[in-house]
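Commentary on secondary and tertiary structure
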Protein chains: 2
Amino acid sequence: MQELKVQPECIPCFFRQVVIALKDSPLENKNKLKIMQECLQEVSYQQLERTPAHATTFVHRRVRELLGYDPFLEKKKKFNQIALGLYPELKKIIASSNEPLRTAVRLAIAGNVIDFGIFAEIDIEGELQKALSVDMPFEEYEALEEAIIRNNEILYLLDNAGEIVFDRLLIEFLQEQNRKVIAVVKGAPVINDATMEDAIEVGLTEVCKVVDNGSDGIGTILEWCSESFRETFSEASLIISKGQGNFETLSTAEKNIFFLFQVKCEVVAAFIGVRKGERLLIGTNTLREHLYGVPQVK
Amino acid sequence: MQELKVQPECIPCFFRQVVIALKDSPLENKNKLKIMQECLQEVSYQQLERTPAHATTFVHRRVRELLGYDPFLEKKKKFNQIALGLYPELKKIIASSNEPLRTAVRLAIAGNVIDFGIFAEIDIEGELQKALSVDMPFEEYEALEEAIIRNNEILYLLDNAGEIVFDRLLIEFLQEQNRKVIAVVKGAPVINDATMEDAIEVGLTEVCKVVDNGSDGIGTILEWCSESFRETFSEASLIISKGQGNFETLSTAEKNIFFLFQVKCEVVAAFIGVRKGERLLIGTNTLREHLYGVPQVK
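Residues numbered from 1 in each chain as written. Chains lettered and ligands numbered in written order. Predicted model: local features only at pLDDT ≥ 70, side-chain atom pairs only at ≥ 80, totals over all residues.

Take the overall build of chain A next. Within chain A one finds 13 helices and 6 strands. C-alpha extents for chain A along the principal axes are approximately 55 × 45 × 35 Å. A burial count over chain A gives 45% of its 298 residues as buried. Sequence separation of at least 24 residues holds for 69% of the intrachain contacts in chain A that already meet a minimum separation of 6. (Helix = DSSP H or I, 4+ residues; strand = E, 2+ residues; numbered from the N terminus. Buried ≥ 20, exposed ≤ 12 C-beta atoms within 10 Å, placed from the backbone. Contact = placed C-beta atoms within 7 Å.)

Written out as structure tokens, the structure reads:
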């Protein structure tokens, strides 16, 4: 089993991410270009034998170091507030659903799809309706449902600020089913990924135990995580994993993981064999058989 | 008057171009990534105080050097043949037009718009109809017509292989009006820009005098061109310039130039103040007033 490796197509994307990180900076273009050139240097010396998430972690570290601040801090606060504004409506949708777990799962994936940065321009009602009705190529809903029934504890790997309000709703539902959820945030800022500050901001810390993974790695790069998180991870019998970064970095992990995310680029789409933009709910068992030809354990 | 400078958004685009250059190479991804890393180094050390065309020239040089061959050679031959297949139909369209000059100019711009790489999938009839009817924000047709009447000699800066078949048709029309055209190709291969080989392939050398500019620079970077070309350029009283690269590198040239091209990126679109994808026919006089506030010489 081989994890997804950096592809040539990833390189321009790395620098699109730097452009986004620098977009709202008051720096002159000349100085933005200098930061970009430092990042070019950074990537030019990397081994590039791991996942794109791994490689871009170094890039985003360099950007924060050179800027001297976290360029996503304000955006994350804004995204959390936007998503919190949707909370009452989302809560109602789940409460009135015939299949509240499926609805909560689909909404949690919607949280990964919605770009809170363009929120003012998007049709949120349409987006939520789409989330509830759109086809998903691997909707392993029954397998997830069974796994939840069989496991009292669930480790829940969060992804972005804003999105975590949608996760809070799924976590609330799981806790109402007497499941104990431990939610995981990043140990330090990286892109718009949720940290403890974000978890507190959206009230998640009042809903369940929240721990940080001790790392600023994109996704979950276990060797960079704290020992305490690695223990928690290793002991988990069921993991719900949000977002493409966690998918990239955990696709070969020998754990019982359900990945909930939108496929955001052609490279990951080609790796899985689906189309860019698809929403997935796929467990490691099926994933392994599908990607690596490893037979499913029944 | 300041020429367009490299913007942060250009950096990812430079590397998208490298991905395209390497796409059909039989190299393993690992080796493609090594070439990309060499290009990252290249750009990380550049001054980046000139046009994007200038900066990418170094990138494409490095790619050819590391590959050991011109990655666009076969594509250019293919594009020439595809475009030659359209020649009879294009000739008829111009011959039957009430405004043959305008039609030939619009088709020459269409040659800059059509992506011959996806030719099999495009609706060429629809594309040609669109070329003849679409709105163009600066269609300085009358000014061009007058300039052609006033000048017996026209220097015609070509852009891409394939596209040059469309240019041949405009050049044929100009020569039928007893205008002497000198067409200019690149002095050495760079991306899919036309060289003397391409001009011969599409029969352009039988239609008019064709000279090369002595350079592998993207666009027309005068200080890199041969002395003989610089003389020709300096003596020209009317220049028709094809493509965005020539626009980038000649927007501040103190010459009587009409630029015919499609705006292919947001950076150039923002520089001119039009939308990406627009087709332009704009002369230096209007351009200067519009971009730099330099009054028009009437």
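What follows covers the confidence of the model for chain A. Summary statistics for chain A give a mean pLDDT of 95 and a share of 99% for residues scoring 70 or more. Complex prediction metrics read pTM 0.94 and ipTM 0.92. (pLDDT = per-residue confidence, 0-100.)

With that settled, consider the interface of chain B and chain A. Each side of the interface is counted separately: chain B has 20 residues, and chain A has 20 residues. Going through the elements one at a time, helix H1 (10-22) and helix H2 (29-44) of chain B are the ones with two or more residues in the side of chain B that touches chain A. Ranked by residue count, the leading element in the side of chain B that touches chain A is H2(B), at 9 residues. Here the residues of the side of chain B that touches chain A sort into 12 nonpolar, 5 polar and 3 charged. (Nonpolar A, V, L, I, M, F, W, Y, C, P; charged D, E, K, R; others polar.)

All names here are of chain A. Once the domains are mapped, chain A shows domain 1 (10-67) and domain 2 (73-292). Taken over C-alpha atoms, the centre of domain 1 sits 26 Å from the centre of domain 2. Of the residues lining the interface, 10 residues belong to domain 1; the matching set on domain 2 comes to 12 residues. Mapped onto the side of domain 1 that touches domain 2, the elements with two or more residues apiece are helix H1 (10-22) and helix H3 (52-67). Take the side of domain 1 that touches domain 2: its biggest share by element is 7 residues, from H3. By residue class, the composition of the side of domain 1 that touches domain 2 is 4 nonpolar, 5 polar and 1 charged. (Domains from an automatic or database assignment.)

Let us now look at the pairing of strand E3 (residues 209-212) of chain B. Residue and element names in this part refer to chain B. Where strand E2 (residues 180-185) lies against E3, 4 bridges are found, and the strand directions are parallel. Looking at E3, one finds that Ala183 is bridged to Val210. Each parallel crossover has a hand, and for E2 linked through helix H9 (residues 196-201) to E3 it is right-handed. (Pairing = 2+ DSSP bridges. Right-handed = clockwise from strand over helix to strand, strands pointing away.)

Residue and element names in this part refer to chain A. Strand order across the open sheet formed by 6 strands is E3-E2-E1-E4-E5-E6, with mixed pairing between neighbours. In this open sheet, the two edge strands, each paired with only one partner strand, are strand E3 (209-212) and strand E6 (279-283). Between one strand and the next, the sheet's axes are offset by a mean angle of 20°, whatever the strand orientation. Direction of pairing for strand E1 (residues 153-157) relative to strand E4 (residues 239-242): parallel, over a ladder of 3 bridges. In the strand pairing of E4, Leu155 is matched with Ile239. Helix-sheet contacts for helix H5 (residues 100-113) involve E4, strand E5 (257-262) and E6, and the interaxial angle to E5 is about 50°. On top of the sheet, helix H8 (residues 163-176) reaches E1, strand E2 (180-185) and E4; it is set at about 165° to E2, its chief contact. (Axes fitted to C-alpha atoms, helices over the stretch in contact; angles between N-to-C directions.)

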